Amino acid sequence: MILTVLGITLPFFILIFLGAFLRFRNFLTDQNSNLLSKFAFYVLMPPLIFSKISIAPASELWNPGFVIRYEIVTIILFIFAYPIGSIFGQDTKGKGIVGLNMSYPNYGYIGVPLCLIAFGDRAALPLALIAFADTIVLLLMATIYTSFSRNGKTTYEALKLIPKSLIGNPLLLAAVFGIIFSVFKISLPFYLNSVINMLAEAAPPVALIALGSSLSLGVFVSNKTEMIFISMLKVFIHPILIAIAFLLFKGQEPLWIKTAILSASLPVAANVFMLATYYGSYREKSATLIMLSTVISSISVPVVLYYILTYV
């Protein structure tokens, strides 16, 4: 079982650290690293999501109990972000970004390829539902925090970010179109399917190398306690809470439970850095948390996956 877990997870983190090495050697610069990340996120990942969901049985698309359990944990983490942010001297807006760092997993670059390889194509549907619902809830919670910040944007300006972020998220759009194609049993011409499948196959390695090339030490040295503490909350406490929510209260398929737990164990999403930049708060620390949580998850994710495959 250990060899199976290592066989699934090691290639992912090898590719991430390959990206970091290429950046260190200046093979990838700031500019082309950003271009590679955009290419993976906007061009390669959507076909991967679409290709898996569009062939899923339409009967599996409605599962509010699954979404509600997962999002209750997200809200709980955001509530705890307030006292944790206070401990580290953050204002209300900064506490909202702390909440994002504690609860926003890296679905796009790591979650999609990892879950599909670990659990098969059927994991695409629960993963897409988590990503869709989580994006809405995370943006709403961040909006609540920032709207109460004296120096933040107005409530109206903050609320406008939600539909804009949803419409502009290619992974969510791909999931929506995949669901439509599944429900109405729409088929694409074989040559379009071939193009989509070719792009989908290229998505995981390019996305992981792009993620690695974007990592930075940031402000870790001067904020070790804060960075380590929040990273541990993300990669350890988040999946533990999700496991409690699903394993203590039965009623979901094992594959969906496994996908939820593994998703929660992922490191901080790169999108948190973009949102921190937008709100003008906790920007450098968010970049550092993405880097640190990714490094820690190279050990923690295999441990979580071993537990899932053995006991869930």
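Residues numbered from 1 in each chain as written. Predicted model: local features only at pLDDT ≥ 70, side-chain atom pairs only at ≥ 80, totals over all residues. Heavy atoms only, no water.

Visitor: Any chance you could explain the pattern of salt bridges here in plain terms?
Guide: Oppositely charged side chains are able to pair whenever their charged atoms sit close together. Taken as a whole and judged by the stated rule, the model has 5 salt bridges. With a shortest N-O distance of 2.9 Å, Glu253 and Arg122 are connected by a salt bridge. Of this pair, Glu253 sits in the loop between helix H10 (224-247) and helix H11 (254-264) while Arg122 is found in the loop between helix H5 (107-119) and helix H6 (124-147), placing the two residues 131 residues apart along the sequence. Among the residues examined, Glu253 registers a relative accessible area of 36% and is labelled partly exposed. Taking relative accessible area as the criterion, Arg122 reaches 40% and is therefore assigned partly exposed. (Salt bridge = Lys/Arg side-chain N within 4 Å of Asp/Glu carboxyl O. Helix = DSSP H or I, 4+ residues; strand = E, 2+ residues; numbered from the N terminus. Buried < 20%, exposed > 50% of the residue type's maximum accessible area, 1.4 Å probe, protein only.)

Visitor: Looking at this structure, how should I read the packing of aromatic side chains?
Guide: How two aromatic rings sit relative to each other is set out by the distance from centre to centre and by the angle between their planes. Per the stated rule, a full pass over the model turns up 10 aromatic pairs. A ring pair is formed by Phe50 and Phe181, whose centres lie 5.0 Å apart and whose planes are at 80 degrees; its orientation type is edge-to-face. Of this pair, Phe50 sits in helix H2 (residues 30-53) while Phe181 sits in helix H8 (residues 170-183), and the two are 131 residues apart along the sequence. There is no split in this pair, since Phe50 and Phe181 are both buried. Each ring, one from Phe78 and one from Tyr145, has its centre 5.8 Å from the other, and the planes form 55 degrees; the classification is tilted. Pair noted here: Phe78 is in helix H3 (residues 64-87) and Tyr145 is in helix H6, with a separation of 67 residues, a long-range link. Here the aromatic cluster, defined as three or more aromatic residues joined through ring pairs, consists of Phe66, Phe246 and Trp256. Here Lys95 stacks its cationic end above the ring of Tyr82, 3.8 Å away from the centre of that ring. (Phe/Tyr/Trp six-rings, centres within 6.5 Å; stacked < 30°, edge-to-face > 60°. Lys NZ or Arg CZ within 6 Å of the ring centre and 35° of its normal.)

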